[in-house]
Structure formats: C-alpha cells, structure tokens
Amino acid sequence: QKEVEQNSGPLSVPEGAIASLNCTYSDRGSQSFFWYRQYSGKSPELIMSIYSNGDKEDGRFTAQLNKASQYVSLLIRDSQPSDSATYLCAVNPSNTGKLIFGQGTTLQVKP
Amino acid sequence: DTAVSQTPKYLVTQMGNDKSIKCEQNLGHDTMYWYKQDSKKFLKIMFSYNNKELIINETVPNRFSPKSPDKAHLNLHINSLELGDSAVYFCASSQGVILAGYTQYFGPGTRLTVL
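Described in the following lines is the structure provided in the data block.

About the thresholds
- Residues numbered from 1 in each chain as written.
- Chains lettered and ligands numbered in written order.
- Predicted model: local features only at pLDDT ≥ 70, side-chain atom pairs only at ≥ 80, totals over all residues.
- Heavy atoms only, no water.
- Pairing = 2+ DSSP bridges.
- Helix = DSSP H or I, 4+ residues; strand = E, 2+ residues; numbered from the N terminus.
- Axes fitted to C-alpha atoms, helices over the stretch in contact; angles between N-to-C directions.
- Disulfide = S-S within 2.5 Å.
- Contact = heavy atoms within 4.5 Å.

### Looking at the sheet that holds strand β3 (residues 19-25) of chain B
Residues and elements named next belong to chain B. Strand order in the open sheet formed by four strands is β1-β3-β8-β7, and the pairing between neighbours is antiparallel. Pairing within the sheet leaves two strands with one partner each, and these edge strands are β1 (4-7) and β7 (64-70). Averaged over neighbouring strand pairs, the angle between their axes works out to 20° when direction is ignored. In this structure, β3 lies alongside strand β8 (residues 73-78), joined through four bridges in antiparallel fashion. Across the sheet, E24 pairs through a bridge with H73, a residue of β8.

Quick look at the structure:
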C-alpha cells in the first residue's frame, strides 16, 4: 500500500461546479496534512494545511480531515478554468521530518 | 524578489558526466530540502538539511551528494549520471523542520535530461 494515495484522474468538472479531490494515507499517527497545487511546468505551491479533524475553509477552498478514516479531501467551490492543475496531497507521517506526497490528481475545469 | 531560486533551470548532459544544481533561499529559513519529481509527477524527498546539518537522507544512490555551505544554500552534486536520473529536481525551504508544522516553499525546479 502506498503511503499517500490519490486518484490520478483526470477529474473533469464544468466551470462553476464543486471539485472534490480525495486522498488517503497509511500512517495513522500522521499529524500534518497539506494540499499543494502544481501547474504544468511549475513548482508546487501550498493551498491549504490542516492539522485537526473537521473542515478548514479559505476562500473557495475547503480542506476536510478525518483521522479515524485516514482521509483528507479538498473541495474547490465555483471552479474556474484557472483552477486546472495537478493537486498534490502531502502528509507528514508521525515523528518524521519529511513530507510524503501522493501522485497527484489532475483537475480540468471546462468553460 | 525570488524566495527560493535554483540554477540552472534546464540541464542536458550525457551519461557518465558529473553535474551540480544550486539552490538559494532568501527567506531566512533554517531548513532546506531536495526533491525529485519523475515523469509520472511523483514528488519524492531526497535530502533535508537543518542549519547546515543533514537530517533526512532517503534511500538515494550515493552518486547524489548534497552540500550546505550555509543556511541559505543547498547544492546537489550528481556523479556518473544515469538515464534514470532524468527528472525535475526541486529545492524547497521551510522556517523549521516539518515536525513543527512549518510550510515548505518550493523553488522553480531544475529539469535534468540525461542522454
């Protein structure tokens, strides 16, 4: 089992819709969770971080964490074509100083 | 101002050569990292330094040798390059070690192509 798993997609949604991106992780002791966005040919940039169970909202983005189910998700409301990118889920496993990344989900928002 | 910079942006070289990639951050961060992103976009940590001290050394061939002359710089030297080394290499930095929840900021990447 991979440490951090994401569906590679592509996930295609129409403009204005809600895009839902999912991620599962294997280390039950993981404490920190991150969502990065990566445009083609560019470097990853942090969108959201979440540390405790529940929802965290920032503008059009909502991160959801469920440690019991070892599941973290990212919702993008009112999706725009400019949101089209690869979204990387990253997890900090327990007692390590590193981030483990999933393979990323490619999101396509169609006008 | 560029926060995390890398040089060169592109590197094309022959198998067996030795090459270096340089990274500099002007954020005043204590911790720096090297990541490799392969053709399937899988991003994997290679090394991490905190205050010039190596703290993470993943299972990486010893042809790869990082060096941190000071807190703001982390270089990556690769000996005897192989075809499988072709990838995009990202440098990143964070205020402190990720254990404390600090955010990592990535450089623009260096696309290495080994022919």
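### Focus: the state of the cysteines
Residues and elements named next belong to chain A. As enumerated under the stated definition, the model contains two disulfides over all chains in all. At a sulfur-sulfur separation of 2.1 Å, the disulfide partner of C23 is C89. Negative torsions about the S-S bond denote left-handed disulfides, and the value of about -70° found for C23 with C89 makes this one left-handed. Pair noted here: C23 is in strand β3 (residues 19-25) and C89 is in strand β9 (residues 85-92), with a separation of 66 residues, a long-range link.

### Notes on the environment of B:T13
Residue and element names in this part refer to chain B. Turning to its location among the elements, T13 is positioned in strand β2 (residues 10-13). A sequence separation of 56 residues divides T13 from P69, and the C-alpha atoms of the two residues are 25 Å apart. Beyond its immediate chain neighbours, meaning those up to four positions away, T13 contacts K19, L81, L112, T113, V114 and L115.

Everything listed here is a matter of geometry and, on its own, says nothing about what the molecule does.
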